[in-house]
Every structure is written in structure tokens, then in C-alpha cells.
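Given next are the chains, with one letter for each unit.
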Amino acid sequence: MNEERVPVRQWQALYRTGAFYTSEYSAMEKAGWYNWNCSSESLAERLKNLANVVMGVTHPFILDHYFILCRNLSSRFGKLYDEVGFVPLVEEEQRKCFWITLDDPYHRKKWSLFTGRYGDDAPEFDCGDIQTLLQYINRIASELEQDLMVPFVQEKRAAARYAHRFRGEPGEVRIYRNGEHQYSYRSKLDGQEHTIIVTADLKDTPPSFILGQVERYRELYVFGAELSIPEKTPVRPKTVQRGGRER
């Protein structure tokens with residue numbers, strides 16, 4: 001791989017001039033491709049979808065302090081998918097890296113965003129459309145710049161602990177974020193998706209959920225939150241009349 005690291009701002013300028021529209025190896029290398037399972041001739045075409053992400057970044061911290069890496073990967077299902085990584089130019093800040101996969105069949109949505117702070121076992125954020133993805137990237141840029149410790153990192157650890165200890169889940173548990181204080185994972189025991197709420201304040205509990213057994217993890221409350229199932233009114237068997245008499 002070429003050791004020249006092109007900042008995102010410069011990458012955007014090169015893309016606008018058409019520098020990456022060719023399948024020439026040197027151009028694809030400068031665009032950030034360093035690993036692929038597809039044909040090298042298809043890299044330029046695949047880059048178009050990933051470029052929609054790179055070109056949508058507007059926050060100065062990412063534009064001036066990150067460079068781009070691209071990969072084409074093969075999933076365990078045999079399907080190829082692409083990934084674009086945003087890597088800090090300064091090696092000492094590698095924990096601030098983040099990367100986005102497109103149509104990875106192993107995950108639940110079209111776009112999955114992973115960060116060094118949340119871990120690579122599950123995305124910190126996922127969505128189905130690119131505008132929502134870009135809004136999230138530009139929003140977290142300030143957090144990355146200030147190296148803030150966001151609360152959901154600790155909440156994720158608490159959710160995984162709950163899945164293991166309270167529900168008895170074996171091995172690795174992939175904890176997805178569903179929103180503020182809400183997480184979910186697919187159980188290896190029953191194959192179902194289970195929701196976990198982690199909060200420092202029980203007032204954050206959504207009204208549409210019912211409480212299960214609450215556990216404490218440091219300063220956090222952790223509990224399973226399953227959708228309540230309305231009770232059915234028992235149906236009385238119909239009486240059978242024979243000859244004018246009930247039996």
C-alpha cells in the first residue's frame with residue numbers, strides 16, 4: 001500500500017476532478033484501496049458508492065485529520081461487500097478511527113458504522129439511508145475531536161454483562177444500539193432478538209415496555225425490556241342444545 005496519506009479534504013478535491021474515475025492501479029491505490037477480493041477493474045465502480053460517504057463529510061476535524069482506506073471483503077455467506085475507513089493521520093490517535101460497511105450481510109442494515117470506542121464486534125450506529133449516516137458522522141466528529149467518553153460505551157458493557165449473567169448467553173454477544181439507552185442482541189439460545197435498556201435514571205424507561213428483573217451495574221440500571229403481550233380473553237365453549245336442553 002502506498003504510504004502517502006491524503007487528508008479527506010484533499011481526497012474530496014481529487015475526486016471532484018475525476019482522479020479516481022479510472023481503474024488504473026495507481027489511482028485506486030491513491031483513493032485508498034488496499035485489500036480486495038473483487039477484480040481490480042471493478043474498484044472504480046465500487047468506489048462510487050463509498051465516495052458518497054466521503055464526499056458527504058463536512059466537519060473540519062475529519063476533513064483535516066483523517067485519511068481514507070477502502071476494502072472489498074467476502075462475508076461468510078460468500079457475498080462481497082465494501083468498507084470505507086476513516087483513519088487518523090496521527091498514529092497515536094488510532095483509537096479515534098471509524099469505518100463504515102455497505103451491505104454487509106452479517107449485519108442488519110445497509111450502512112453499519114463501527115468505531116474504535118464502541119468496538120468492532122457490532123456497529124455503534126446503523127441505518128438504511130446515507131443522509132442519516134452522514135448526519136451521524138458529522139455529529140460525532142466533535143466528540144472524537146475532544147476525545148469524549150460517551151455514556152453508551154459503558155452502557156454497552158452493562159448490556160453484554162446482563163445478557164451473559166441474567167439470560168445465560170454463551171460466548172460473544174453482539175450488542176447493537178437501537179437509540180438512547182436501548183440495545184439489542186440476537187440470542188444464541190432461542191434465535192430471537194432481545195432488547196435491553198441501560199440507564200442511570202429509571203424515568204428513561206419507554207412507556208411501551210414492561211420492566212423485567214432489574215440489575216445494577218455500577219451506577220447503571222440494567223433490565224430486559226420485552227414488548228408486553230396483551231392477555232387474551234378466554235373463550236367459553238359454546239353450549240350444545242339437543243332437544244331443547246343444554247348439555
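Details of the structure are given in the entry above.
Criteria and thresholds
- Residues numbered from 1 in each chain as written.
- Predicted model: local features only at pLDDT ≥ 70, side-chain atom pairs only at ≥ 80, totals over all residues.
- Heavy atoms only, no water.
- Salt bridge = Lys/Arg side-chain N within 4 Å of Asp/Glu carboxyl O.
- Buried < 20%, exposed > 50% of the residue type's maximum accessible area, 1.4 Å probe, protein only.
- Helix = DSSP H or I, 4+ residues; strand = E, 2+ residues; numbered from the N terminus.
- Pairing = 2+ DSSP bridges.
- Axes fitted to C-alpha atoms, helices over the stretch in contact; angles between N-to-C directions.
- Contact = heavy atoms within 4.5 Å.
- Arc of directions from axis to C-beta.

Our focus in this paragraph is the pattern of salt bridges. Counted by the stated rule, this structure contains 15 salt bridges. Between Lys-110 and Asp-103 there is a salt bridge, with its nearest N and O atoms 3.6 Å apart. Here Lys-110 falls in the partly exposed class, since its relative accessible area comes to 37%. Judged by relative accessible area, Asp-103 falls into the partly exposed class, the value being 31%. Residue Arg-117 is joined to Glu-124 by a salt bridge in which the shortest nitrogen-to-oxygen separation is 2.8 Å. There is no split in this pair, since Arg-117 and Glu-124 are both buried. Through salt bridges with shared partners, one network takes in Arg-117, Glu-124 and Glu-143.

Another aspect to go through is unusual backbone geometry. Although it is not a glycine, Asp-147 adopts a positive phi angle of roughly 55°. By the secondary structure assignment, Asp-147 is in the loop between α5 (130–146) and α6 (151–165). Asp-147 sits in the partly exposed class, given a relative accessible area of 39%. The residue Arg-218 is not glycine, and still its phi comes out positive at about 55°. Assignment of secondary structure puts Arg-218 in the loop between β11 (215–217) and β12 (220–227).

On to the sheet that holds strand β3 (residues 80–88), then. The mixed open sheet is built from 6 strands, whose spatial order is β1-β2-β3-β4-β5-β6. Two strands lie at the open edges of the sheet, namely β1 (33–35) and β6 (125–127), each paired on one side alone. Looking at each pair of strands side by side, their axes are set apart by 20° on average, direction ignored. Pairing geometry for β3 and strand β4 (residues 98–102), over 5 bridges, is antiparallel. Along β4, the bridge assignment pairs Gly-85 with Trp-99. In the packing of α5 onto the sheet, the strands contacted are β2 (66–74), β4, β5 (111–115) and β6, and the crossing angle to β5 comes to about 10°.

In this section: helix α1 (residues 8–16). Buried residues of α1: Val-8, Trp-11, Gln-12 and Tyr-15, and no others. Down the axis of α1, the smallest arc covering the buried residues is 100°, so these residues share one side. Buried residues in α1 make contact with α2 (25–31), α3 (43–55), α4 (60–65), β2 and β3. Downstream of α1 by a residue or two, Gly-18 has a phi angle that is positive, lying close to 90°.

Remember, this is a structural readout, not a statement about activity or role.
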